[in-house]
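Understanding the architecture of this molecule
As a plain string of letters, each chain reads:
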Amino acid sequence: METSRDDVGIVIRSAFLKKGAQQKLSLFALTIISIILIFAETIQTKPLDYLRSITKDIIYRGSVLISSPAVGAKIIGNSVKNHINLFNEYEELKRENTKLKEEAYDPNYIIYENTQLRKLLGDQNSSKQNLVSARVMIDKQSVYLNSFVINSGSNRKIKKGTAVLDGKNFIGRIVDVNFFSSRILLVTDLNSKIPVIILPTGDQAILSGRGTEQPLLDFLPENHGIQIGDKVYTSGKEGIFSPGIPIGEVAIDNSQFNVSLFSDISQILFVNINLGGFE
Amino acid sequence: MSNKFFMAILFKQIRFKFLELLPLILLFFISLNGNSIIDFKFFSINIHYILVYYWVLKRPQSLGYGFIFISGIVSDVIFGLPLGVTPLTLMVLAATATYISLVTVRATLLTDWVSFIFALLISNFVYFIALYFSNYTIDYLYLFKNSISTFIFYPVLWVLFGMLLNIIGANKRA
């Protein structure tokens, strides 16, 4: 029995410490380095931040280079698909056009709704905001992290926590800034929690990502009157985002209040970063 | 005639070198391309785990622990995870594979496949702990489902990699 335990110990020691024929470092040394790296992630000092930024920028550029054939193939595939669907789309648009012509609009109602919404939002949305545009470099969507990497970083004064828009719609926030790239945490990610306001009821909630297309409205008040189609905006409660940035509209699924986003995240190529500071 | 002969030898050497480097090229390709985890509609497979486990088990000199470590760092950067989480997981996976290769006398698909369960359990446990301490939330049900489908898919890659291993072995003997 004693011998057997000794044997196991010897084998484990051998597995961890033996370098092998062409190995420069043992598994044990690399495991220790990995643990140190994980702890170093929590330390925020300038030299470490510089090192991290350089490493990430290099890897992002490498990834863009390696992914370019796959991205090219995807673009060609989409283009072919669009051509095939052209006739169907034309028919669909024709139907939609007829329907729109038939529908009678009440402009007074829209003006009234707009006034009410502006009143609720403190009319801050009308101010021009300091926006920076950037291209999406990497959009590898993993279930672990729904995020984009964009081609602008601290070189364009982007800061952690700032809001990211697709056109005028809110899609996420900056979580990591390097010299020439930044990472956007999308609202659909599990780690995303955004304070929002639902209009016209004026109820406030937290928009929590679930890793799926539709994030969930958490912490709703008990007797809320939220209905399908109500609009969801940033509330600006945390003091980082401007209030009143449109996000999506309420959708109910299995008695859960979800938000159907105004932007189709899978189709985004360019984004606007709201640097705050009204002009 | 001699020129043609030397060209043929050179071509053969290049082909052999390429085949020998193929696992390493694949390792960095999937890391940089963000294909470590391939998502299908109802399941997902962690190719990174299978690749590392298989080659460390069968031919450790093909990958090298240092390269596995770097590929883990690349994966962390691409997926936005805290630096060090994937390298740590891969190191534990490689250590388990090394341990199994040391204690296994006659390796078959079945022994490799069954031992892969332990490797997956240990490495996912380390992954969970590392993410827990980094305050990162992930979908644990997804992680569980991913582990199951990775385990089920293992024999497919075992056969493919086995063929590559045979070609490398045959070229070396020639």
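Bear in mind that the values here come from a model prediction, so they are computed numbers and not experimental data.

Within the secondary structure layout, Ile-152 of chain B lies in helix H6 (residues 140-173). In this structure the C-alpha to C-alpha distance between Ile-152 of chain B and Ile-45 of chain B, which are 107 residues apart in sequence, comes to 9.1 Å.

We now examine the pairing of strand S1 (residues 131-138) of chain A. All names here are of chain A. Strand direction decides the pairing type here: S1 and strand S12 (residues 270-274), joined by 5 bridges, are antiparallel. Its bridge partner being in S12, Leu-131 is matched across the sheet by Asn-274. Bridge count for S1 against strand S2 (residues 147-150) is 2 bridges, and the pairing is antiparallel. Within S2, the residue paired with Val-136 across the bridge is Ile-150.

Here we take up the sheet that holds S12 of chain A. Pairing is antiparallel in the closed barrel, where 6 strands are placed in the order S1-S2-S5-S4-S3-S12 (chain A). Across the sheet, the axes of successive neighbouring strands diverge by a mean angle of 45 degrees, strand direction being ignored.

Looking now at the environment of Ala-163 of chain A. All names here are of chain A. Its location among the elements puts Ala-163 in strand S3 (residues 163-166). Residue classification places Ala-163 among the buried positions, given that 24 C-beta atoms sit within 10 Å. Residues contacting Ala-163, with those up to four places away along its chain left out, are Phe-170, Arg-173, Phe-241, Ile-245 and Asn-274.

All right, on to unusual backbone geometry then. Residue and element names in this part refer to chain A. Omega for the peptide link from Leu-199 to Pro-200 comes to 15 degrees, which places this bond in the cis form. Among the secondary structure elements, Pro-200 is positioned in the loop between strand S6 (193-199) and strand S7 (203-208). Phi at Lys-157 is positive, roughly 65 degrees, even though this residue is not glycine. Within the secondary structure, Lys-157 sits in the loop between S2 and S3.

With that out of the way, let us pick up the confidence of the model for chain A. Residue and element names in this part refer to chain A. Averaged over all residues, the pLDDT of chain A is 79; the fraction at 70 or higher stands at 80%. Per-element confidence in chain A ranges from a low mean pLDDT of 61 for helix H5 (residues 107-120) to a high of 90 for strand S5 (residues 182-186). Counting contacts from residues 123-127, a segment whose pLDDT is below 50, to residues more than four positions away or on other chains yields 6 contacts.

Bringing the nonpolar core into the picture now. Within the largest apolar cluster, 84 residues are counted, with the highest numbers of intra-cluster contacts made by Ile-247 of chain A together with Val-52, Tyr-53 and Ala-94 of chain B. For this core, the leading source of residues is helix H4 (residues 85-103) of chain B, giving 11 residues.

Chain B puts 38 residues into the contact, and the matching count from chain A is 39 residues. Listed by contribution, the elements that provide at least two residues to the side of chain B that touches chain A are helix H1 (2-32), strand S1 (37-39), helix H3 (65-79) and H4 of chain B. In terms of residues, the side of chain B that touches chain A owes the most to one element, H4 of chain B, which gives 10 residues. Classifying every residue of the side of chain B that touches chain A gives 26 nonpolar, 10 polar and 2 charged.

Further remarks concern H4 of chain B. Given 3.6 residues per turn, any residue in an α-helix points the same way as the ones three and four places further on. Over its 19 residues, H4 of chain B extends 27 Å from the first C-alpha to the last, a length consistent with the 27 Å expected when each residue adds 1.5 Å. Of all the 19 residues making up H4 of chain B, 16 are buried; the element is thus mostly covered by neighbouring parts of the structure.

The relative placement of two packed helices comes down to the angle between their axes together with the axis-to-axis distance. Residues and elements named next belong to chain B. Two numbers describe how H1 lies on helix H2 (residues 47-58): the axes approach to 10 Å, and their chain directions differ by 160 degrees. When the axis of H1 is compared with that of H2, the two are roughly antiparallel. The two elements H1 and H2 meet at a crossing, and its hand is left-handed. Residues Pro-23, Leu-26, Leu-27 and Ile-30 of H1 lie in contact with H2, whose contacting residues are Ile-47, His-48, Leu-51 and Trp-55.

Residue and element names in this part refer to chain A. Here S2 shows no split at all, with Ser-147 and Val-149 on one side and Phe-148 and Ile-150 on the other all buried. Pairing between S2 and S5: 4 bridges, direction antiparallel. Opposite Ile-150, over in S5, you have Ser-182 as the bridge partner.

Scored by pLDDT, chain B comes out at a mean of 86, with 97% of its residues at no less than 70. Both confidence scores are given for the complex: pTM 0.77, ipTM 0.84.

Right, let's talk about H3 of chain B for a bit. The terminal C-alpha atoms of H3 of chain B, which comprises 15 residues, lie 21 Å apart, in line with the 21 Å expected from a rise of 1.5 Å per residue. Within H3 of chain B, 12 of the 15 residues are buried, leaving the element largely enclosed by the surrounding structure. Every buried residue belonging to H3 of chain B is among Tyr-65, Ile-68, Phe-69, Ser-71, Gly-72, Ile-73, Val-74, Ser-75, Asp-76, Val-77, Ile-78 and Phe-79 of chain B, and all of these are buried. On its buried face, H3 of chain B sits against helix H2 (27-40), helix H3 (46-84) and S1 of chain A together with H1, H2 and H4 of chain B.

Rules of the game
- Residues numbered from 1 in each chain as written.
- Chains lettered and ligands numbered in written order.
- Predicted model: local features only at pLDDT ≥ 70, side-chain atom pairs only at ≥ 80, totals over all residues.
- Helix = DSSP H or I, 4+ residues; strand = E, 2+ residues; numbered from the N terminus.
- Pairing = 2+ DSSP bridges.
- Axes fitted to C-alpha atoms, helices over the stretch in contact; angles between N-to-C directions.
- Buried ≥ 20, exposed ≤ 12 C-beta atoms within 10 Å, placed from the backbone.
- Contact = placed C-beta atoms within 7 Å.
- pLDDT = per-residue confidence, 0-100.
- Core = buried A, V, L, I, M, F, W, Y, C linked by C-beta atoms within 7 Å.
- Nonpolar A, V, L, I, M, F, W, Y, C, P; charged D, E, K, R; others polar.
- Expected span 1.5 Å × (residues − 1).
- Parallel < 35°, antiparallel > 145°, perpendicular 65-115°, else oblique.
- Left-handed = near helix turned anticlockwise from the far one by under 90°.

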